[in-house]
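Structural overview
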Amino acid sequence: MKKSRFHQSVFNSAYGITKDYQIAEDIVQETFIKLIENPPDIRDEHLLQKWLNVTASNLSVDYLRKMKRQEINMELFFNQCSFLFSTWHSKVERELENKLFVELLSEALDILPREWSQIVLLKYYYEMSIEEISTLLSVKKNTVKTRLLRAKQKLSRHLSKNDDIIERLTTFTEKTR
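Summarised in this report is the structure supplied together with it. (Residues numbered from 1 in each chain as written. Predicted model: local features only at pLDDT ≥ 70, side-chain atom pairs only at ≥ 80, totals over all residues. Heavy atoms only, no water.)

1. Focus on the overall build of the chain
Within the chain one finds seven helices and zero strands. Counting all 177 residues of the chain, 25% fall into the buried class. (Helix = DSSP H or I, 4+ residues; strand = E, 2+ residues; numbered from the N terminus. Buried < 20%, exposed > 50% of the residue type's maximum accessible area, 1.4 Å probe, protein only.)

Given below as structure tokens:
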């Protein structure tokens, strides 16, 4: 294909802005397509040269703006993906930690009498007050306090003998901080 006498000047206008040979060539083609599709009413070659250079410059700037928007959109996309992954990862991690905690708590509560483990669960797992537990179980508040104290003491003695449970609980509590 024979290049027009205007080609180099139009190419230089596009390349000066985009700094990319292939993109500048594409813009040159697009500039000449615009000239063919919608020719300006210009008879003077010097003014036609200026029109082509201005058109190439405008197309180059438009191209760079479009690329900048795409970069921003891609950055937003990756940020959203990163957030969703971290949220999903945190949710999965929390579910696993909660499951581990429930298992550890269940193991520890198995050594307690049923009345004591029931109170420990209501107090620490369901976060009920002494009064609420007393009402729910139909026992006096002092009975709830006594059972809770005895359950804590027994759990403390049991955990001090069982290093494996202490290590797992310590690991769990460090992760949940």
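2. Digging into helix α1 (residues 7-18)
With 12 residues, α1 extends 16 Å between its outermost C-alpha atoms, agreeing within 8% with the 16 Å of an ideal straight helix rising 1.5 Å per residue. Downstream of α1 by a residue or two, K19 has a phi angle that is positive, lying close to 60°. (Expected span 1.5 Å × (residues − 1).)

3. Points about the pattern of salt bridges
Taken as a whole and judged by the stated rule, the model has one salt bridge. Residues D62 and R65 are paired through a salt bridge, measuring 3.7 Å at the closest nitrogen-oxygen approach. You can see D62 and its partner R65 sitting in helix α3 (residues 45-109), three residues apart, about one turn around the helix. (Salt bridge = Lys/Arg side-chain N within 4 Å of Asp/Glu carboxyl O.)

4. A look at the environment of K50
Relative to the assigned elements, K50 resides in helix α3. By relative accessible area, which is 46% here, K50 ends up partly exposed. Here the alpha-carbon distance between K50 and F6, two residues 44 residues apart in the chain, equals 9.8 Å.

5. A few points about the side chain of T55
Looking at the element boundaries, T55 is found in helix α3. Leave out the neighbours within four places in its chain, and T55 touches T31 and K34. (Contact = heavy atoms within 4.5 Å.)

6. Considering the packing of aromatic side chains
Within a pair of aromatic rings, the relevant descriptors are the distance that separates the centres and the angle that separates the planes. A complete count under the given rule lists two aromatic pairs for this structure. Aromatic pair F11 and Y15: ring centres 5.7 Å apart, planes at 15°, arrangement stacked. Here F11 and its partner Y15 are both found in helix α1, four residues apart, which amounts to about one turn of the helix. Under the relative-accessibility criterion, F11 is labelled buried at 8%. On the basis of relative accessible area, Y15 is assigned to the partly exposed category, the value being 36%. The structure contains a cluster of three or more aromatic residues connected by ring pairs, namely F11, Y15 and Y21. (Phe/Tyr/Trp six-rings, centres within 6.5 Å; stacked < 30°, edge-to-face > 60°.)

7. Some thoughts on the environment of Q118
Relative to the helices and strands, Q118 resides in helix α4 (residues 114-125). For Q118, a relative accessible area of 29% puts it in the partly exposed group. Distance from Q118 to R147, taken between C-alpha atoms, is 9.7 Å for residues 29 residues apart in sequence.

8. Considerations on the packing of α1 against helix α2 (residues 21-37)
Remark: α1 packs on α2, axes separated minimally by 8 Å, with the N-to-C direction vectors making an angle of 130°. Relative to α2, the element α1 is oriented oblique. Regarding α1 and α2, the two cross each other, and that crossing is right-handed. In this structure, α1 uses H7, V10, F11, A14, Y15 and T18 to contact α2, whose residues at the interface are Y21, I23, A24, E25, I27, V28, T31 and F32. Looking at the contact of α1 with α2 residue by residue, the classes come out as 10 nonpolar, three polar and one charged. (Axes fitted to C-alpha atoms, helices over the stretch in contact; angles between N-to-C directions. Parallel < 35°, antiparallel > 145°, perpendicular 65-115°, else oblique. Left-handed = near helix turned anticlockwise from the far one by under 90°. Nonpolar A, V, L, I, M, F, W, Y, C, P; charged D, E, K, R; others polar.)

9. A few points about unusual backbone geometry
Despite not being glycine, K19 has its phi angle at roughly 60°, a positive value. Summarising the element assignment, K19 is placed in the loop between α1 and α2. The exposure class assigned to K19 is exposed, which follows from its relative accessible area of 59%. Positioned with a positive phi, S138 is a non-glycine residue whose angle comes to about 55°. Tracing the chain through its elements places S138 in the loop between α5 (130-137) and α6 (141-161).

Note that all results are geometric; they support no functional claim without further evidence.
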